[in-house]
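Examining the three-dimensional arrangement
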Amino acid sequence: TTATMANLARGPVRGVLSRFCRLGSELVRSQEKTLAGAGYKTTTGIVGVDVDPNAPDTLKSKLKQILREIKVIPETAQYRISVEMMANERLAVISKDISQEQMEEELGAGQLEEIILQAEDELSLIPKMAEWKPWDVPAGHKIKFVIDDAPVPAPEEEKK
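A separate point is the overall build of the protein. Check the secondary structure of the protein and you find seven helices and zero strands. Secondary structure of the protein in N-to-C order comes out as α-α-α-α-α-α-α. The proportion of buried residues among the 160 residues of the protein is 24%. Taking contacts inside the protein between residues at least 6 apart in sequence as the whole, the part at least 24 apart equals 58%. In the structure as shown, the protein presents an accessible area of about 11800 Å², 57% of it carried by carbon and sulfur atoms.

Spelled out as structure tokens, the structure:
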């Protein structure tokens, strides 16, 4: 079988393998040139987080989705107010005609790929918040306010 493989490698299969390998390396070089030529980085430097050559468009899509999905939360809920404000601020920056690096700098929240992950996390949180309804405070619920700078007592000390 080793002899058969060696004979195949010398024959017509050799030409096919050679062309396949050449095409594969040309494709990789082409993608690297495209990424580098477009001003994008070739790595995020973060394990498990690949470069998204369309990061601004991906992020814009996720932020618009957040703004659509957050509407299940009451308008007066601080969670909705905060999420809408964050999404709109980020949308304003990535809608500018500036480089990806300038977007990242202006946003000050890491690389666009990281912000995409944050947006995905927010999208998974919205339905949970809608279910939990942390803005609905039960009638008669009392909150103990600590007005002075004294340390908050431990629960067992409160009972004394």
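We now examine the pattern of salt bridges. Evaluation of the coordinates by the stated rule reveals five salt bridges. Among the salt bridges present, the one from Glu120 reaches Lys62, with a minimum N-O distance of 3.4 Å. Of this pair, Glu120 sits in helix 6 (residues 112–132) while Lys62 is found in helix 3 (residues 55–69), placing the two residues 58 residues apart along the sequence. For Glu84, the salt bridge is made with Arg80, and the minimal N-O distance between the two is 3.0 Å. In this pair, Glu84 and Arg80 both sit in helix 4 (residues 78–94), four residues apart, roughly one turn of the helix. Residue Arg80 is classed as buried on the basis of its relative accessible area of 8%. A single network of salt bridges, built from pairs that share partners, joins Lys41, Glu104 and Glu113.

Turning to helix 6, a few remarks are in order. Under the 1.5 Å per step criterion, the end-to-end length of helix 6 is 30 Å for 21 residues, consistent within 8% with the ideal 30 Å. Most pronounced at Leu125, the bend in helix 6 amounts to some 25°, and the proline Pro127 follows within four residues. Looking only at helix 6, the buried set comprises Leu112, Glu113, Ile115, Ile116, Ala119, Glu122, Leu123, Ile126 and Met129. Buried residues in helix 6 make contact with helix 3, helix 4 and helix 5 (100–107). A positive phi of about 50° marks Lys133, the residue just after helix 6.

Once that is clear, we can look at the nonpolar core. Counting 23 residues, the largest nonpolar core has Leu59, Leu63, Ile66, Tyr79, Ile94 and Leu112 as its most contacted members. Listed by contribution, the elements that provide at least two residues to this core are helix 3, helix 4, helix 5 and helix 6. For this core, the leading source of residues is helix 6, giving seven residues. Each residue touching Leu63, except ones within four places of it in the same chain, is listed here: Ala87, Arg90, Leu91 and Ile94.

Once that is clear, we can look at helix 3. With 15 residues, helix 3 ought to run about 21 Å at 1.5 Å a step, and its terminal C-alpha atoms sit 21 Å apart, in line with that. Taken as a whole, helix 3 has its buried residues at Ala55, Pro56, Leu59, Lys62, Leu63, Ile66 and Leu67. Down the axis, helix 3 shows its buried residues gathered within 140° of arc, on one side only. Turned more than 90 degrees from where helix 3 packs its buried face, Asp57 and Arg68 sit exposed.

Cut-off values and rules
- Within every chain, residues take consecutive numbers counted from 1 along the sequence as written.
- Totals for whole chains, interfaces and linings use every residue, but because this is a predicted model, local features are given only for residues with pLDDT of at least 70 and side-chain atom pairs only at 80 or more, for both listing and counting.
- Only heavy atoms go into the side-chain values, all of them from the structure, while hydrogens and water stay out.
- A run of H or I in DSSP becomes a helix once it reaches four residues, and a run of E becomes a strand once it reaches two; helices and strands are each numbered from the N terminus.
- Exposure is judged per residue with a 1.4 Å probe applied to protein chains only, and the accessible area is read against the type maximum: over 50% gives exposed, under 20% gives buried, and values in between give partly exposed.
- Any two residues whose heavy atoms approach within 4.5 Å are treated as being in contact.
- Computed with the Shrake-Rupley method and a 1.4 Å probe, the accessible areas treat only the protein chains shown as cover for residues.
- The rule for a salt bridge is simple: a side-chain nitrogen of Lys or Arg has to be within 4 Å of a carboxyl oxygen of Asp or Glu.
- A helix is expected to span 1.5 Å multiplied by its residue count minus one.
- A residue's bend is given by the angle between axes fitted to the 7 residues ending at it and the 7 residues starting at it.
- Note on terminology: a nonpolar core comprises buried Ala, Val, Leu, Ile, Met, Phe, Trp, Tyr and Cys residues joined through side-chain atoms within 4.5 Å.
- What the arc measures is the spread of directions leading from the helix axis to the C-beta atoms.

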